[in-house]
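Observations on the three-dimensional arrangement
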Amino acid sequence: MSPITLPQTTIDALARELYEARKSRTPLRHFSKRHPTMSIADGYAIQRAWVALELADGRVIKGRKIGLTSRAMQQASQITEPDCAPLMDDMFFDNGGDIPFARFIAPRVEVELAFILKAPLQGPNVTVEQVLDATDYITPAIEIIDARIEQFCRHTKVMRKVFDTISDNAANAGIVLGGNRVAPRSVDLPWCGAILRQNGAVEETGLAAGVQGQDGGGEDRHGSVLAAAACARAHSSTCRMARKASCGTSTVPICFMRFLPAFCFSSSFFLRVMSPP
């Protein structure tokens, strides 16, 4: 891994900017443009410093996200490798509950598979079998992603780089878990499919086989397991969170997810976005 190049004072200052940007809903300019020599290690250092600020506020790490594991999402984001970041306790929303739109800057939703672990995992060299052994159950999820660092440069319209995404807590903003649960070995995970509907219209479909590294595990740059990148996320179908100004609410996609064979398990769940007054 490339070394950390930014001084600690700069890392702390950029983490503070992200901390404030989330609260004020004010997007930041690309860190990679302001600091052209920054590395992936710098991105994770900034992320850790931001998480430390959240922990100091009383937040708790409740899970981990592995991002950009499918080729389709990597191409869409112009990024060539997965990223990872913690999921904080205030990012979890109830299935069917209301999501405060005013909390986000430019939110979108993605269909995911959530692995709920019953035992800790730590690498390197953790296998898929070990990941499945440590998994209590799998459940569908809708992830809410956001951009505290603007996705496109406001001046050049150039997309942000992986350093920016990693610094921005891998775009973490929220997650809604589905109600149904399934044992990890009771389904053929690559054939797990999802349909994403918004206000009744099908917006996207996806298949977990789209995740890179079929039947392979992944490890992050700090030696800890990425919860088996080959099966940790379904193909990410992305849809913007929309609002209806006329009534103040909008239904964000209903997710219907089916594990094959079809009779084994299916699940559907939804959430609503509450617009500000």
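Now for a look at the structure at hand. Owing to the predicted nature of the structure, the values given are computational and were not obtained by experimental measurement.

A short note on the overall build of the protein chain
- Counting secondary structure elements, the protein chain contains seven helices and twelve strands.
- Classification of the 277 residues of the protein chain by burial places 51% in the buried group.
- Considering only residue pairs separated by 6 or more positions, the protein chain has 74% of its internal contacts joining residues 24 or more positions apart.
- Accessible surface, the protein chain as shown: approximately 12,600 Å² in total, 52% of it carbon and sulfur.

Thoughts on unusual backbone geometry
- Backbone geometry places R25, a non-glycine residue, at a positive phi of 60°.
- Here R25 lies in the loop between α1 (8–24) and α2 (31–34).
- Although it is not a glycine, K157 adopts a positive phi angle of roughly 65°.
- Locating K157 in the fold gives a position in the loop between β6 (135–145) and α6 (162–167).

Observations concerning the packing of α1 against helix α3 (residues 40–56)
- Contact geometry for α1 and α3: axes closest at 8 Å, N-to-C directions at 55°. In terms of orientation, α1 lies oblique with respect to α3. As α1 runs across α3, the sense of the crossing is right-handed. Here I11, D12, L14, A15, R16, L18, Y19 and R22 of α1 lie close against α3, whose contacting residues are A45, I46, A49, W50, L53 and E54.

Rules and cut-offs
Residues numbered from 1 in each chain as written. Predicted model: local features only at pLDDT ≥ 70, side-chain atom pairs only at ≥ 80, totals over all residues. Heavy atoms only, no water. Helix = DSSP H or I, 4+ residues; strand = E, 2+ residues; numbered from the N terminus. Buried < 20%, exposed > 50% of the residue type's maximum accessible area, 1.4 Å probe, protein only. Contact = heavy atoms within 4.5 Å. Areas by Shrake-Rupley, 256 points an atom, 1.4 Å probe, with all protein chains shown as cover. Axes fitted to C-alpha atoms, helices over the stretch in contact; angles between N-to-C directions. Parallel < 35°, antiparallel > 145°, perpendicular 65-115°, else oblique. Left-handed = near helix turned anticlockwise from the far one by under 90°.

Coordinates in, geometry out; function isn't part of it.
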